[in-house]
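Architecture at a glance
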Amino acid sequence: EGKHKVTIVGSGNWGTTIAKVIAENTKEHPDLFEPDVQMWVYEEEITIPEASKLHDSSSEYSTEKHKLTTLINYFHENVKYLPNIALPHNITANPSLQDSVKDSTILIFNLPHQFIDKLCDQMKGFVLPYARGVSCIKGVSVSSEDIKLFSESIGEKLGIYVGALSGANIANEVALEKFSETTVAYDPPPMDSRNPTPKEGRTPQASQLDLTKITEHKDSSGLKSKVRLTPQPSELPPLDHQLLHILFHRPYFHVHVVSDVAGVSLGGALKNIVALAAGFVAGLEWGDNAKAAIMRIGLLEMRKFGKMFFENSVRTATFTEESAGVADLITSCSSGRNYRCAKMSVERKISIGEVEKSELNGQMLQGTSTAHEVYGFLKARGKEDEFPLLTSTYRILQGEAKVEDLPNLVAKPNEF
Ligand code: NAD
Ligand code: 13P
């Protein structure tokens, strides 16, 4: 009734942080949003980790196993995935996926990319037909025939328009309200504009709009949406760049809203592979020059990938000027989990999967699976040699190449 309701699908390290950001804003703008924010939690039973300092250690919750949702709602803290951060009380942790999304007009998808396809199948039929989404997932949806952004694949599965959020955003730093920037990309079809051009001198009702035309809509970033969209009710505040800014921007979290959904999504996905390579060379103690070389080569391959496979859509400036591009590459190659785990795997001479299990307490790397997926896609097109860093990182993960060989593998001789 005249306000947007927001659900976060996911509650890991970043999912919980974004829920905090959004809940702070919905509380400050009760004219635009229902203050209560639903956060879907993949339920598990845990005891409160020692590390968590916010709760009362003498409480009945301290020794026995409890459901994670019970603990989050009682302590207003995600004791497993974001310990020691006080969450706003207007976040409700909900273990039922269907119940948490059922009457929300804005869905924020924020969980490891490995799980999203299956979850979309479970959400089908429970999502409002006029809901809209933003994907905070860093990854791409790949089959050997095709590559899709998660904004596209989620949108197609649920029949809604979905944009993207990505940036230099180590979750723990954002949760501690240390300054950072992010990029939100959103470019819905014209039917979402509240001022459609009247064809016959009058504004058409939503029910009179020709929805079949919308299915062929190309947004300004060139992505072809195959989604048959339902218009949002006119009493809802229009979901445009300004509203998204209000939803995500905080004094410590500066938002720049753009239309290049493909560039923002690819920046977030591909930098995870580059961060692994940066971690590998750091593990050999090769120093900052080596890391800078990896980042430079990585940024060029990211841009080339975008231009090659999302030809008309990706803007070079997204990689070079946005938080979702070069800034995320820098932060991820400095202290991201992919970087840190790759470094440890070289130092300890064990697989990165073993490091992930022993060091991340249930959090998940995105770079390892993305490296496999992107390599499979490139190989199917015979393009793997044109992306030597992305390809070599995959080969190192597979044990087919050595980190020590990276300089030769990525060398591009001068052409005189
Ligand atoms: P995380 O690494 O903390 O992942 C763990 C999450 O996965 C938990 O919520 C867990 O409950 C859930 N999970 C485990 N098994 C599951 C299953 N079978 N089905 C569904 N969920 C299951 O997650 P995150 O850090 O919040 O990452 C989410 C996305 O955000 C990723 O794409 C990541 O690249 C991106 N991201 C992360 C950060 C960060 O600093 N953590 C920053 C920016 C973007
Ligand atoms: P990791 O998943 O490697 O921790 O990267 C976090 C991130 O995306 C920072 O922007």
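Residues numbered from 1 in each chain as written. Chains lettered and ligands numbered in written order. Predicted model: local features only at pLDDT ≥ 70, side-chain atom pairs only at ≥ 80, totals over all residues. Heavy atoms only, no water.

**What to know about the environment of Pro 88**
- Within the fold, Pro 88 resides in the loop between helix 2 (68-75) and strand 5 (91-94).
- Owing to a relative accessible area of 12%, Pro 88 belongs among the buried residues under this scheme.
- A C-alpha to C-alpha distance of 20 Å links Pro 88 and Val 101, two positions 13 residues apart in sequence.
- Those residues within four positions of Pro 88 in sequence are excluded, and the remaining contacts are Lys 20, Ala 23, Glu 24 and His 76. (Helix = DSSP H or I, 4+ residues; strand = E, 2+ residues; numbered from the N terminus. Buried < 20%, exposed > 50% of the residue type's maximum accessible area, 1.4 Å probe, protein only. Contact = heavy atoms within 4.5 Å.)

**A few points about the confidence of the model for the chain**
- Taken residue by residue, the chain gives an average pLDDT of 91. The fraction at 70 or more is 89%.
- Every residue in residues 196-217 scores below 50 in pLDDT, and together they form 30 contacts with partners more than four places removed in sequence or on other chains.
- The ipTM, which scores confidence in the relative placement of chains, is 0.99 for this predicted complex, and the corresponding pTM is 0.93. (pLDDT = per-residue confidence, 0-100.)

**A few points about the site of ligand 2**
- Around ligand 2, the neighbouring residues are Lys 138, Gly 167, Ala 168, Asn 169, Ile 170, Lys 271, Asp 328, Thr 331, Ser 332, Gly 336, Arg 337 and Asn 338.
- Here Asn 169 contributes a backbone N or O atom positioned 2.9 Å from an oxygen atom of ligand 2.
- Contact with the protein chains hides 92% of the accessible area of ligand 2, taken as 310 Å² for the molecule alone.
- Put simply, the parts of the chain that give the shell around ligand 2 at least two residues each are helix 12 (323-335) and helix 13 (337-348). (Near = heavy atom within 4 Å. Polar contact = N/O pair within 3.5 Å; in protein donor to acceptor, adjacent residues only side chain to side chain. Areas by Shrake-Rupley, 256 points an atom, 1.4 Å probe, with all protein chains shown as cover.)

**Focus on the environment of Phe 179**
- When you line up the elements, Phe 179 lands in the loop between helix 6 (171-175) and strand 11 (180-185).
- For Phe 179, a relative accessible area of 55% gives the class exposed.
- With near-sequence residues (within four places) excluded, Phe 179 lies in contact with Tyr 252 and His 254.

**Notes on the site of ligand 1**
- The local shell around ligand 1 holds 24 residues, among which Trp 14, Lys 138, Ala 171, Met 364 and Gln 366 are the closest.
- In this structure, an oxygen atom belonging to ligand 1 sits 2.7 Å away from a main-chain N or O atom of Trp 14.
- Arg 337 is positioned such that a nitrogen or oxygen atom in its side chain is 3.0 Å from an oxygen atom of ligand 1.
- Coverage of ligand 1 by the protein amounts to 90% of the 840 Å² it exposes when considered alone.
- When residues in the shell around ligand 1 are grouped by element, the largest group, 3 residues, is from helix 1 (residues 13-28).

**Points about the nonpolar core**
- Counting residues in each nonpolar core, the largest one holds 105 residues, and the members touching the most others are Ile 22, Ile 108, Phe 248, Leu 266 and Phe 305.
- Aside from chain neighbours lying at most four places away, what touches Ile 108 is Val 6, Thr 7, Ile 8, Val 9, Ile 18, Ile 22, Val 134, Cys 136, Leu 247 and Phe 248.
- Listed in part, the 20 residues of the second largest apolar core include Leu 107, Cys 120, Val 127 and Leu 158. (Core = buried A, V, L, I, M, F, W, Y, C linked by side-chain atoms within 4.5 Å.)

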